[in-house]
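# Geometric and topological summary
Here is what each chain is made of, one letter per residue.
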Amino acid sequence: MKRLRVGLLGCGNVGAGLVALLGEQRAVIAARTGIELEISRIAVRSASKDRGLPMAPSVFCDSAADVVTDPEIDVVVEVIGGIEPARTLLRQAIDAKKPVVTANKELLANHGAELFGAADEVGVDLLFEAAVAGAIPLIRPLRESLAAEPLQRIMGIVNGTTNYILTQMSEHGAGFDEALSEAQSLGYAESDPSADVEGFDAAAKAAIIATVAFGVEVVAGDVYHEGITRITPHDIEMARRLGFTVKAVAVAERATVIDSDDPGLPEVAVRVHPAMVPLQHPLAGVRDSFNAVFVQGDAVGELMFYGRGAGGRPTAGAVLGDLVDAAVNLSSGASGRIGRLAPARIRSIDDLRTAYYLSLEVADKPGVLASVAAVFGRHGVSIRSMQQHGLGDDARLVFITHQCRERDLRATQRDLSGLREVHELGNVIRVIGEESRPR
């Protein structure tokens, strides 16, 4: 039996969950792999704090650098989050030829190419399954099982907090603030929920997904993102009447086919935003804090990955899976590779072609609808359906358009806002299933 010593950086919900899971599964892992994993050192802010874990006090220390540089440590697991000092610590571990497992989406979405390149250069693992979709095994299939597949599109729900909020709004009639408060009380949302509800968390995950799926360098700043804070109960109700539900989705798609004989400069489109999802679409049934991701390829068609997207124990399970992989690879002298990442052109959201939901409040008098329709027509935006609802002296108009270009829809909005008869512009929400594949 070979023993490998693990250095753990951070011991919050995920770190503590990893300690507990490894304690439960150590014998099974040893029987299946011939490797005994032992968490030998844990770096925390306060080494004297009692964390209720079955670990000797001497295991805890307040210096992450000491854990990384300890010659007795074979594998480093990082769950502290943030960019620094995590970036420096992981570079130190990689430069020392120690495999690394991380759940740090922010770090990978901004400096992943640097870290992947460093790990490939020295031939050690950098594994990060838990950084994207909690317990769902997504990165490993993208990196290994689908490595030769000409992937075209990945779309999914990758933030459990926003999915929980939208589920409460859709199924229980809650307002946004009420649903957010409940998510916070259950531990799904932080006291400052902006990373989730404004789309930053999902954008970081989308950048990582696009990088792995398409072999190109995509960072969080490349991802167009919108949050869910402006979604109203009216939007939710209108979606239901029209045969949709509102979900926050992440989409990464290849905008050009990469030819091995003439690769050129790959072009990808990556975005995060609320979307009208048809009720018959499998994503429409993804509820509460669950995540689901669709992968579309030329040969495999459509694949769907579904499961818990958040929570300390599910995420710790993904970390433990990576830790076992890293240990087996280290023992056999192998390592997983992302491969060389190509630079990429990022397709502007202005070039997106899809259908749109649009609502506005207008004066309820003759001629208004004709004035509004003329604005749509002036910008080449065709109306597929329209509903009108009385609001006293005003009326609410709700449109679903045919496919049009985003820049034309935005121009339509600008001109509509200039009409005296239009009193308020409501939300614009993209319609899933109506997009044109980028070319």
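What this report covers is the structure whose coordinates are included nearby. What you see is a predicted model, and the numbers here were worked out from it, not measured in a lab. (Residues numbered from 1 in each chain as written. Predicted model: local features only at pLDDT ≥ 70, side-chain atom pairs only at ≥ 80, totals over all residues. Heavy atoms only, no water.)

## Observations regarding the overall build of the protein
To keep it simple, the criterion reads: A run of DSSP states H or I qualifies as a helix once it reaches four residues; a run of E qualifies as a strand once it reaches two. Both are numbered from the N-terminal end. For the radius of gyration, the atom set is restricted to C-alpha positions; the globular benchmark scales as 2.2 Å times the number of residues to the power 0.38. In this scheme, a residue with accessible area under 20% of its type's maximum is buried, one over 50% is exposed, and one in between is partly exposed, where area comes from a 1.4 Å probe on protein chains only. Between two residues, a contact is recorded if the distance between any of their heavy atoms is within 4.5 Å. Reported accessibility uses the Shrake-Rupley method at a 1.4 Å probe radius. Residues are deemed covered only where the shown protein chains occlude them. As used throughout, the charge tally considers Lys and Arg to be positive and Asp and Glu to be negative, leaving His and the chain termini uncounted. One atom stands in for each charge, and that atom is NZ of Lys, CZ of Arg, CG of Asp or CD of Glu.
A tally of regular secondary structure across the protein gives 14 helices and 18 strands. A compact globule built from 439 residues should have a C-alpha radius of gyration of about 22 Å, and the protein, at 24 Å, falls within 12% of that. In terms of overall dimensions, the protein has C-alpha extents of about 80 × 55 × 35 Å along its principal axes. Looking at the protein as a whole, 52% of its 439 residues are labelled buried. Within the protein, residue pairs in contact and separated by at least 24 positions form 74% of the contacts whose partners lie at least 6 positions apart. Counting only carbon and sulfur atoms, one obtains 47% of the accessible surface of the protein, whose full area is about 18,500 Å². Here the protein contributes 44 positive and 57 negative side-chain charges, whose respective centroids are spaced 2 Å apart.

## Looking at the packing of aromatic side chains
Any aromatic ring pair is given by two values, namely how distant the centres are and how the planes are angled relative to each other. Our working definition: Put simply, two rings from Phe, Tyr or Trp (the six-membered ring, in Trp's case) pair if the centres are within 6.5 Å, and we call them stacked under 30 degrees between planes, edge-to-face over 60, tilted for the rest.
Across all of its chains, the model carries four aromatic pairs by this definition. Taking 5.2 Å as the distance between ring centres and 5° as the angle between the ring planes, the aromatic pair formed by Phe 290 and Tyr 306 counts as stacked. With Phe 290 in strand E11 (residues 290–297) and Tyr 306 in strand E12 (residues 301–308), this pair connects stretches of sequence that are 16 residues apart. What makes Tyr 306 partly exposed here is its relative accessible area of 48%.

## Some remarks on the environment of Ala 370
Secondary-structure assignment places Ala 370 in helix H13 (residues 368–378). The class for Ala 370 is exposed, based on a relative accessible area of 53%.

## Observations concerning the state of the cysteines
To keep things clear, this is the line we draw: Criterion for a disulfide: a pair of cysteine sulfur atoms within 2.5 Å.
This model, assessed by the stated rule, comprises zero disulfides. Not engaged in a disulfide, the cysteine Cys 61 finds its nearest cysteine sulfur in Cys 11; these two sulfurs lie 11 Å apart.

## Focus: helix H11 (residues 233–242)
Along H11, the positions that sit buried rather than exposed are His 234, Asp 235, Ile 236, Met 238 and Ala 239. Phi turns positive one or two residues past the end of H11, at Gly 243, with a value near 90°.

## Describing unusual backbone geometry
Glycine aside, residues mostly have negative phi, and peptide bonds are mostly found in the trans state. Residue Glu 84 is joined to Pro 85 through a cis peptide bond whose omega torsion reads 10°. Along the chain, the position of Pro 85 falls in the loop between strand E4 (75–78) and helix H3 (86–95). In this structure, Asp 288 takes a positive phi of about 55° despite not being glycine. Residue placement: Asp 288 occurs in the loop between strand E10 (267–278) and E11. Overall, Asp 288 belongs to the partly exposed group, its relative accessible area being 22%.

## Overview of the environment of Ile 157
Residue position: Ile 157 is located in strand E7 (residues 151–157). Taking the C-alpha atoms as reference, Ile 157 lies 6.2 Å from Val 293; in sequence the two are 136 residues apart.

## A word on the pairing of E11
Quick note on the threshold: Here, a strand pair is defined by DSSP locating no fewer than two bridges between the strands.
In terms of burial, E11 is largely enclosed, as six of its eight residues are buried. By the bridge criterion, six bridges tie E7 to E11 in an arrangement that is antiparallel. Bridging across to E11, Leu 151 finds its partner in Gly 297. In terms of strand pairing, E11 meets E12 through eight bridges, oriented antiparallel.

## Here's the deal with the nonpolar core
Filter applied, for reference: Only buried residues count toward a nonpolar core. Its members are Ala, Val, Leu, Ile, Met, Phe, Trp, Tyr and Cys residues joined through side-chain atoms within 4.5 Å.
Among the nonpolar cores identified, the biggest contains 60 residues, and Leu 138, Leu 142, Ile 208, Phe 214 and Val 295 are the most heavily contacted of them. With 11 residues, the top contributor of residues to this core is helix H10 (residues 200–214). Non-local contacts of Leu 138, meaning those with residues more than four positions away in its chain, are made with Glu 129, Val 132, Ile 209, Val 293, Val 295 and Phe 305. Listed in part, the 33 residues of the second largest apolar core include Leu 8, Phe 60, Val 75 and Ala 327.

## Focus on the packing of H3 against helix H4 (residues 105–122)
Stated precisely, the cut-off is as follows: For helices, the fitted line uses only the C-alpha atoms of the stretch in contact; every axis is such a line through C-alpha atoms, and the angle between N-to-C directions lies from 0 to 180 degrees. Oblique is the label for any angle not under 35 degrees, not over 145, and not in the 65 to 115 range, which are roughly parallel, roughly antiparallel and roughly perpendicular in turn. Under this grouping Gly is polar, as are all residues other than the nonpolar Ala, Val, Leu, Ile, Met, Phe, Trp, Tyr, Cys and Pro and the charged Asp, Glu, Lys and Arg.
Between H3 and H4, the shortest axis-to-axis distance is 10 Å and the interhelical angle comes to 10°. In terms of axis orientation, H3 runs roughly parallel to H4. Of the residues in H4, those in contact with Ala 86, Arg 87, Leu 90, Arg 91 and Ile 94 of H3 are Leu 107, His 111, Glu 114, Leu 115, Ala 118, Ala 119 and Val 122. Within the contact of H3 with H4, the residues separate by chemical class into eight nonpolar, one polar and three charged.

## Let's talk about helix H14 (residues 406–417)
The criterion, for reference: Residue count minus one, scaled by 1.5 Å, sets the expected span of a helix.
Between its first and last C-alpha atoms H14 spans 17 Å; for 12 residues at 1.5 Å apiece the expected length is 16 Å, and the two agree. All buried positions along H14 are accounted for by Glu 406, Leu 409, Ala 411, Thr 412, Gln 413 and Leu 416.

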